[in-house]
Amino acid sequence: MQIETIATRPIDGQKPGTSGLRKRVSVFMEPHFLENYVQAVWQGIGGAKGATLVLGGDGRYFNDRAAQVVLRMAAAEGVTKVIVGQNAILSTPAASHLIRSRKATGGIILSASHNPGGPEGDFGLKYNGSNGGPAPESVTEKIFAATKTISEYRILSAHDVDLSAIGTHRMGEMEVEVVDPVTDYAMLMESLFDFDAIAKMFAGGFTMVFDAMHAVTGPYAKAIFEDRLGAAPGSVLNAVPLPDFGGGHPDPNPIWAKDLMDRMMGPHAPDFGAASDGDGDRNMILGRGIYVTPSDSLAALAANATLAPAYKGGLKGLARSMPTSGAVDRVAEKLGLDCYETPTGWKFFGNLLDAGRITICGEESAGTSSDHVREKDGLWAVLLWLNILAEKKQPVAELMADHWKSYGRNYYTRHDYEEVETAIADAMVDEIRGRLDDLPGSAAGPLTVEAADEFAYHDPVDGSVAEQQGLRFQLSGGGRVVIRLSGTGTVGATVRVYLERLETDPAKLDADPQEALAPIIEAAEALTGLKARTGRTGPDVIT
Ligand code: G16
């Protein structure tokens, strides 16, 4: 076995986005594309000689091939050991846990998360550091810089490692330990929650469906919900992971998990419904006849977390991404906790979690988690919900109605315009940015702009600053509009419009969010002119 040094040239477009590098799989499969980026990762983290790494992915098309390339390049780099999930599969939170529990140097996660898979779909790669969390911007900037100057990469010429065989293998000098992807993660979950109480609830007739969307959580969900907690066989739907996710879009929201949504709104709905995404870090929560928005779910989990053993001693603090609704802020206020507002991207929670300032955090994009890992964790959110329901013994709809009565309801919706021409989206943001100072006091549709700014985050732990993290508008009547461009799409630009308003009148807590937010939706259109700019009649996706 020998190390080959391959000459290469920088490839455009290797800038990591909100969560690592995501591209069409056809792009990732172009000559040198993956190899250049992996070599840049080694350089960006200051070299990986002697490192112990974790490697796994969501099982999408090209996951298996890419894993072998990463292994050969790790061996050539002088990495001492790689811990790999069987068949190169690990959910993102399970990878985060393995990095932490094995005290690894870091890990490589092969995933494009909720983006579609298969030969026509997307692929992605991200590096997580020794805390188990996504590399901070200081590191991703170094990786990006390395992609721009690369002239060669090193790779071992070696046969594939049999990643289906659990146990210890070798590739050149490097040890490759293949582990069961579920065992350690399932044990971690059992250490956090009252599994006996949840099992008793199932034994008493409680019913649930969990849609694994043919993505990575199927085996985890079967092992935990059906085998360990006693949910009826068949409670986990679409449980077999497929390289193309069965042709679906593994994004757990009312649009892409429509079958589950219909079932939960139907006459024979089970007590509880949930779904997770491609790599298992997102979640969707439903009760009979009710969809709980991610922002509301975060607030309800925070308000009731002390019912679960892991959190019974109380919470240190809470955090949400800026576009996430203020529902959790109201919980923090009542509980006397600090509540931090961070830019979109899980990496921004890392310092707060490491410094012990927060216990639970979440995002409007269906991510919630706690300090047990450094990623969002779909099954964790489902289990915390189940633990809370087992203690409170009330339906989800009733729990949410009580929550809104105590805290008010932050009506919330997100309107996405997808595959917008990048130049049009950039021009819109630039143009609005230029008007920000003049907007306060001016009309926006039926409302008046009270304040307008662009969000910048000053990390209270390491002092780093992240600028241009979204345009914010505070409107008369208490409404808020946020505009930002997605950092996870792979074609053109996705413009996200986040709309929110707090309602505290007990008689008005049951409205349809689109109706409750109608004036704010109108104001957003007046502020952005999105329909005219894009030539569309409305958003492509409403969640
Ligand atoms: C990633 C990030 C999240 C972010 C989401 C949406 O999630 O980890 O923090 O909220 O993307 O980002 P954007 O609005 O830029 O598309 P995932 O599940 O895709 O890894």
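This one's a predicted model, so the numbers in the text were calculated from it and none came from an experiment.

Rules of the game
Residues numbered from 1 in each chain as written. Predicted model: local features only at pLDDT ≥ 70, side-chain atom pairs only at ≥ 80, totals over all residues. Heavy atoms only, no water. 1 Å grid on protein atoms, 1.4 Å probe; cavity = no way out; pocket = protein on both sides within 12 Å on 5 of 7 lines; lining within 4 Å. Points joined across faces, edges and corners; volume = space filled by probe spheres on them. Nonpolar A, V, L, I, M, F, W, Y, C, P; charged D, E, K, R; others polar. Helix = DSSP H or I, 4+ residues; strand = E, 2+ residues; numbered from the N terminus. Domains from an automatic or database assignment. Contact = heavy atoms within 4.5 Å. Buried area = accessible area lost by both parts, 1.4 Å probe. Salt bridge = Lys/Arg side-chain N within 4 Å of Asp/Glu carboxyl O. Pairing = 2+ DSSP bridges. Axes fitted to C-alpha atoms, helices over the stretch in contact; angles between N-to-C directions. Buried < 20%, exposed > 50% of the residue type's maximum accessible area, 1.4 Å probe, protein only.

> Before we move on, could you go through empty space enclosed by the protein and cite the residues and values that matter?
Enumeration over the complete set of coordinates arrives at five cavities of 30 Å³ or more. One number sums up the size of the largest cavity: a volume of about 240 Å³. What lines the largest cavity is a set of 25 residues, among which Thr18, Arg282, Thr344, Ser365 and Thr488 lie closest to the centre. For the lining of the largest cavity, the per-class residue count stands at three nonpolar, 10 polar and 12 charged. Approximately 170 Å³ is the volume attributed to the second largest cavity. Lining the second largest cavity are 15 residues, with Tyr291, Pro294, Glu364, Ser365 and Thr543 positioned closest to its centre. Per element, the largest residue contribution to the lining of the second largest cavity is three residues, and it comes from strand E19 (residues 409-420). Its residues assigned to classes, the lining of the second largest cavity comprises five nonpolar, six polar and four charged. A domain-level breakdown of the lining of the second largest cavity finds at least three residues from each of domain 2 (185-407) and domain 3 (409-542).

> Describe the domain arrangement of the protein, naming the residues involved and giving the relevant values.
Size of an interface: often given as the accessible area lost when the parts come together. You can read the domains of the protein as domain 1 (2-180), domain 2 (185-407) and domain 3 (409-542). Distance from the C-alpha centre of domain 2 to the C-alpha centre of domain 3: 26 Å. Each partner contributes residues to the interface: domain 2 has 26 residues there, and domain 3 has 24 residues. Regarding the contact of domain 2 and domain 3, the summed buried area is about 2200 Å², with carbon and sulfur atoms giving 60% of it. The interface formed by domain 2 and domain 3 includes three salt bridges. One salt bridge connects Glu364 with Arg414, and the closest N-O pair in it is separated by 2.9 Å. Those elements giving two or more residues to the side of domain 2 that touches domain 3 turn out to be helix H10 (294-304), helix H11 (327-335), strand E16 (338-342), helix H12 (350-354) and helix H14 (396-407). Classifying every residue of the side of domain 2 that touches domain 3 by side-chain character gives 11 nonpolar, eight polar and seven charged.

> Got a sec to walk through the sheet that holds E19? Specific residues and values, please.
Across the sheet, which stays open at both edges, the seven strands sit in the order E20-E21-E24-E25-E26-E19-E27 with antiparallel pairing between neighbours. The sheet is open, and its two edges are formed by strand E20 (443-444) and strand E27 (541-542), each paired on a single side. Alignment of E19 against strand E26 (residues 493-503), held across 10 bridges, turns out to be antiparallel. Paired with Tyr411 across the two strands is Arg501, which belongs to E26. Lying on the sheet, helix H17 (residues 518-528) is in contact with E19, E20, strand E21 (447-454), strand E24 (471-475), strand E25 (480-485) and E26; it crosses E26 at an angle near 140 degrees.

> Hey, could you go over the pattern of salt bridges for me, with residue numbers and the actual values?
Summed over all chains, the structure comprises 34 salt bridges. Of the charged contacts in the structure, one is a salt bridge between Lys126 and Glu375, with a shortest N-O distance of 2.8 Å. Of the two residues, Lys126 sits in strand E6 (residues 122-128) while Glu375 sits in the loop between strand E18 (367-370) and helix H13 (378-392), which places them 249 residues apart along the sequence. On the accessibility criterion, Glu375 (1% relative accessible area) is buried. The salt bridge partner of Arg472 is Asp453, with a shortest N-O separation of 2.9 Å. Taken together, the residues span a long stretch of sequence, with Arg472 in strand E24 and Asp453 in strand E21 at a distance of 19 residues. Classification of Asp453 by relative accessible area gives partly exposed; the value is 30%.

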